[in-house]
Amino acid sequence: MLQDKYGKLQEILTEMETVVIAFSGGVDSTFLLKAALDTLGPDNVLAVTADSETYPFEELEEAKRLAIFLKARHEIIETSELSIPGYSENTPNRCYFCKKSLFEHLIPIMEKHQYKNIVFGLIADDMGEHRPGTQAAKEHNVRGPLQEANLFKNEIRELSQEMGLPTWDKPSFACLSSRIAYGEQITIEKLKRVDQSEQFIRGLGVRQVRVRTHGEMARIEVEPHAMSTLLEHHTQIVTKLKEFGYTYVTMDLIGYKSGSMNQILQGIKE
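These numbers were taken from a predicted model, which means no experiment stands behind them.

A. Representation of helix α4 (residues 94–112) in the model. Between its first and last C-alpha, α4 extends 29 Å over 19 residues, near the 27 Å set by a 1.5 Å rise per residue. Restricting attention to buried positions, one finds in α4 the residues Arg94, Tyr96, Cys98, Ser101, Leu102, Phe103, Leu106, Ile109 and Met110. Following α4 by one or two positions, glutamine 114 has its phi on the positive side, about 60 degrees.

Following this line, the structure appears as structure tokens:
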């Protein structure tokens, strides 16, 4: 079953012939890059990483290392989400503006190299979630081969492990803006505060963490088994996060949940 899905992915990529991949260095885009390289060959694949305010430096460095590991052609471009009209206002369709800008940066690169397609790491799981970026993809004829092959996150992790990819068990990651409650203005200062806070908590041995921001309050999400680590180091965490600019520091007892900010969308109109 799983190998059938991977075969379908290879068929999709073969039909595309040449691809520019929006490459973040996460689980999905790394697997997509590996599959494209194996299927099409390195001359027909270009990975492009967008460096911006919402993309942590450590993630950029990991993307560079992964591209070298995979022997992929890799370009890094500079973008700025906060300069995109409508983005910093942080409405529920924020991701539409981000993806629209990204794809508009990638189109000239595709044309310059005379490639035929732009692809990104959309997966089957995403189709049941709030994903405004998929509309931007449709508008710019950008495809999601992993989703088209009906590959889910757990399957991508399994195949990544079989391929020897170091990202097979990498924690899921989303841009730093996803930590800030909808309707609250996104600023450089808030993004920096989130990044510093999450780096500090990861430094305590917590792999998966989100520091959700609600005004002056930090709502920390970790997996249930890591809650004891937060409690063990609660004094250090409170002290540090207050230094970073938070007034209140809390732990969410529900635990880490991807896209948890979307739960409040029923009360917000775009």
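Here the narrative resumes, following the displayed structure.
B. Seen up close, the UniProt feature "domain: NAD/GMP synthase" (unreviewed entry) in the protein. Under the UniProt annotation, "domain: NAD/GMP synthase" (unreviewed entry) lies at residues 15–79. Each end of residues 15–79 is marked by a C-alpha atom, and these two atoms are 30 Å apart; helix forms 45% of the span and strand 26%.

C. Inspection of the sheet that holds strand β7 (residues 248–251) at higher detail. A sheet is described by the order of its strands in space; here three strands give the open sequence β5-β6-β7, paired in mixed fashion. In this open sheet, the two strands that pair with only one neighbour each are β5 (209–214) and β7. Strand-to-strand, the axes of this sheet are offset by a mean angle of 25 degrees, without reference to chain direction. Of the strand pairs in this sheet, β5 and strand β6 (residues 217–222) are connected by six bridges, and their pairing is antiparallel.

D. Inspection of the sheet that holds strand β1 (residues 19–22) at higher detail. Strand order in the open sheet made by the four strands is β3-β2-β1-β4, with parallel pairing throughout. Where the open sheet ends on each side, the last strands, each with one partner, are β3 (73–78) and β4 (117–119). Within the sheet, the average angular offset between the axes of one strand and its neighbour, ignoring direction, is 25 degrees. Pairing between β1 and strand β2 (residues 45–51): four bridges, direction parallel. Its bridge partner being in β2, alanine 22 is matched across the sheet by valine 48.

E. The arrangement of unusual backbone geometry in detail. The residue glutamine 114 is not glycine, and still its phi comes out positive at about 60 degrees. Take glutamine 114: it is sitting in the loop between α4 and β4. At asparagine 141, a residue that is not glycine, the phi angle is positive and equals roughly 55 degrees. Within the element layout of this structure, asparagine 141 appears in the loop between α5 (133–139) and α6 (145–148).

F. Here's a closer look at the environment of lysine 192. Mapped onto the elements of the fold, lysine 192 is located in helix α8 (residues 188–202). Taking the C-alpha atoms as reference, lysine 192 lies 8.7 Å from leucine 176; in sequence the two are 16 residues apart.

G. Seen up close, the environment of glutamate 216. Assignment of secondary structure puts glutamate 216 in the loop between β5 and β6. When the C-alpha atoms of glutamate 216 and tyrosine 248 are compared, they prove to be 6.3 Å apart, with 32 residues separating the residues in sequence. With near-sequence residues (within four places) excluded, glutamate 216 lies in contact with Arg193, Gly245, Tyr246, Thr247 and Tyr248.

H. Representation of the UniProt feature "active site" (unreviewed entry) in the protein in the model. According to UniProt, the "active site" (unreviewed entry) feature falls on Cys175. Beyond its immediate stretch of four places on either side in the chain, cysteine 175 contacts Thr54 and Tyr87.

I. Main features of the pattern of salt bridges. Counted by the stated rule, this structure contains 19 salt bridges. For arginine 143, the salt bridge goes to glutamate 15, with nearest N and O atoms at 3.2 Å. With a gap of 128 residues between them, arginine 143 in the loop between α5 and α6 and glutamate 15 in helix α1 (residues 2–16) connect regions that are remote in the sequence. The partly exposed category is assigned to arginine 143, whose relative accessible area is 24%. For glutamate 148, the salt bridge is made with arginine 143, and the minimal N-O distance between the two is 2.8 Å.

Criteria and thresholds
- Residues numbered from 1 in each chain as written.
- Predicted model: local features only at pLDDT ≥ 70, side-chain atom pairs only at ≥ 80, totals over all residues.
- Heavy atoms only, no water.
- Helix = DSSP H or I, 4+ residues; strand = E, 2+ residues; numbered from the N terminus.
- Expected span 1.5 Å × (residues − 1).
- Buried < 20%, exposed > 50% of the residue type's maximum accessible area, 1.4 Å probe, protein only.
- UniProt positions renumbered as here; feature names shortened; annotations may be inferred.
- Pairing = 2+ DSSP bridges.
- Axes fitted to C-alpha atoms, helices over the stretch in contact; angles between N-to-C directions.
- Contact = heavy atoms within 4.5 Å.
- Salt bridge = Lys/Arg side-chain N within 4 Å of Asp/Glu carboxyl O.

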